[in-house]
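Fold and geometry: a report
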Amino acid sequence: MNKTVNVAIMGIGTVGGGTYEILTQNHDYLLANHGIDFRVKKVLDKNLERVKSFGIPESAVASGVDEIASDKDISIVVETMGGVEPAKTFIEKVLLSGKSVVTANKELVSKHWPTLEAAAKKGGAGLYFEASCVGGVPIIRALRESLQANHVNSLVGIINGTTNYILSKMTEEGMSYADALKEAQSLGYAEFNPTADVEGFDASYKLSILSSLAFHTCIPFQHVYREGITGITKADIKAGKELGYVIKLLAIGKRSGDTVEVRVHPTFVPADHPLAGVSGSFNAVYVNGDFVDDLMFYGRGAGARPTGSAIVSDVVYAAERTEPIYSDFENDGKIAAGITIGKDFTSKYYLSVSAPDAPGVLAALAGVFAKNNVSIETVLQRGGSGGASISFLTHTAQESDVRRSVAEIEKLDDANKVVSLVRVLS
Ligand code: HSE
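Structural notes, computed from the coordinates. (Residues numbered from 1 in each chain as written. Predicted model: local features only at pLDDT ≥ 70, side-chain atom pairs only at ≥ 80, totals over all residues. Heavy atoms only, no water.)

**Examining the site of the ligand**
The condition that has to hold: Consider each residue's heavy atoms; a residue with any of them within 4 Å of a molecule or strand counts as near. Polar contacts here mean pairs of N or O atoms no more than 3.5 Å apart (in protein, one a potential hydrogen donor and the other a potential acceptor; neighbouring residues in sequence count only if both atoms are side-chain atoms). Classes in brief: Ala, Val, Leu, Ile, Met, Phe, Trp, Tyr, Cys and Pro nonpolar; Asp, Glu, Lys and Arg charged; the others, Gly included, polar.
By nearness alone, every residue bordering the ligand is listed as Lys106, Asn160, Gly161, Thr162, Asp197, Asp202, Lys206 and Ala302. One of the side-chain N or O atoms of Lys106 is found 2.6 Å from an oxygen atom in the ligand. At 2.8 Å, a side-chain N or O of Lys206 approaches an oxygen atom of the ligand. When grouped by side-chain class, the residues that make up the shell around the ligand number 1 nonpolar, 3 polar and 4 charged.

**As for unusual backbone geometry**
The condition that has to hold: Numbering of helices and strands starts at the N terminus; helices are DSSP runs of H or I of at least 4 residues and strands are runs of E of at least 2. Per-residue accessibility, obtained with a 1.4 Å probe over protein chains only, is compared with the maximum for each type, and a residue is labelled buried under 20%, exposed over 50%, and partly exposed between these values.
With omega at 10°, the peptide bond leading from Glu85 into Pro86 counts as cis. Looking at where Pro86 falls in the secondary structure, it is placed in the loop between strand S3 (74–79) and helix H5 (87–96). Phi is positive for Asp293, close to 75°, though the residue is something other than glycine. Note on placement: Asp293 falls in strand S11 (residues 293–300). Here the phi dihedral of Asn373 falls at roughly 70°; this positive angle occurs in a residue that is not glycine. Mapped onto the elements of the fold, Asn373 is located in the loop between helix H14 (361–371) and strand S14 (376–382). Note on Asn373: relative accessible area 63%, which makes it exposed.

**With respect to helix H6 (residues 106–123)**
Under the convention used in this document: Each residue after the first adds 1.5 Å to the expected span of a helix.
Here H6 contains 18 residues, and its C-alpha end-to-end distance of 22 Å is more than 12% below the 26 Å for a straight helix at 1.5 Å per residue. Looking at H6, one finds that the buried residues are Leu108, Val109, Ser110, Trp113, Leu116, Glu117, Ala119 and Ala120. Of the residues one or two after H6, Gly124 is the one with positive phi, at around 70°.

**Here's the deal with the nonpolar core**
Inside soluble globular proteins, nonpolar side chains tend to come together where they are buried. What counts is decided by this rule: The nonpolar core is taken to be a set of buried Ala, Val, Leu, Ile, Met, Phe, Trp, Tyr and Cys residues, with the residues joined through side-chain atoms within 4.5 Å. A contact between two residues is defined here by any heavy atoms of the two lying within 4.5 Å.
Among the nonpolar cores identified, the biggest contains 80 residues, and Ile68, Ile139 and Ile166 are the most heavily contacted of them. Ranked by residues supplied to this core, first place goes to helix H11 (residues 201–215) with 7 residues. The residues contacting Ile166, other than those within four sequence positions of it, are Tyr177, Ala180, Leu181, Ala184, Val198 and Ile229.

**Comments concerning the sheet that holds S3**
Under the convention used in this document: A pair of strands is labelled paired if DSSP reports no fewer than 2 bridges between them.
Here 5 strands make up an open sheet; going across it, the order is S2-S1-S3-S4-S5 and the pairing parallel. Unpaired on one side and paired on the other, strand S2 (36–44) and strand S5 (127–128) mark the two borders of the sheet. Of the pairings in the sheet, the one linking strand S4 (residues 100–103) to S5 comprises 2 bridges and is parallel in character. Looking at S5, one finds that Val101 is bridged to Leu127.

Okay, here's the thing in structure tokens:
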């Protein structure tokens, strides 16, 4: 027996519009496969022109969130407004009224998941957010429902398409950061204010959600170590190439015993690693579980159609479930008792130092590394009248030892400067 499910969409921008298109264009397909007649009964958006551009009748435009929350015929509400407020207030309101919410809002979920989940439980509603991380790639469902047999050891992802596009252009076409950013903006990948993407905030929101699911504990995003890509130069990319690496903004979640590491930073990825081939605006997440071994999820992490695809999968999921599902860990905003967030990472490091080109300089730098227990694997040096540029690739070292070395190198001589520090994926 077919059933009708009425849906509301709050926010008819790129992703909300894509969701509307899928629900209408694939209406009969969803009906045939799932026996559900999905109808977009209401939309909420102040921009009437944009609403009309998707062929949505003006009569479907709600006057406010209360009209949606009080509509007894609507059972699922899609939130594609973005940002924290008013999305948070609106979502809480509809959850408390008993309607399940499907959201693509990574910032909101990573910052207020416990509050939203509490509202969902109170209202007897579901809260689904497959579209919040890695767009069309079904990584959340995989972590929640396909990998339960495993202790996830690590999750390493390229989970921001804008930065991957910029770094790919710098690597493949020798573009400067500024030119690659401009191109990403003209193609609509990067925002006019690109901070959330290029400074790694977007990736840290997503990593907080993904690592919470993978490691079964809240990992508030404030605990994610974060560095963006704004300091990456053509010289770093060239040195990486010479050493056999491709630079990527990686989001890394690792669990070893009771220690969890969560970090977002530019990383040298060995050129033969599957993540090195993930180019342009594509995303990928490389997961290792104790029984399944390595898995890689690859696809488009943004855009109306891929993100709309993830949203509609949650809409169908919510419509088919008789009972909502919630987190399988205590979702109280706190890291579970006994778990420590590791800050002293272990990695190989690439460091580029500018220093005077004079006898004994290289030996003095090497002495600092030796004193701090950092072993050098490779050195590349170019001298000249303007000074020397010396690049070091270390063997596996502790972050604290490397940081101490950096401070000491810069103290040795006012002319010494550590111009780049890039961690290496092992
Ligand atoms: N701005 C994000 C990116 C897409 O560039 O990947 C949405 O999360």
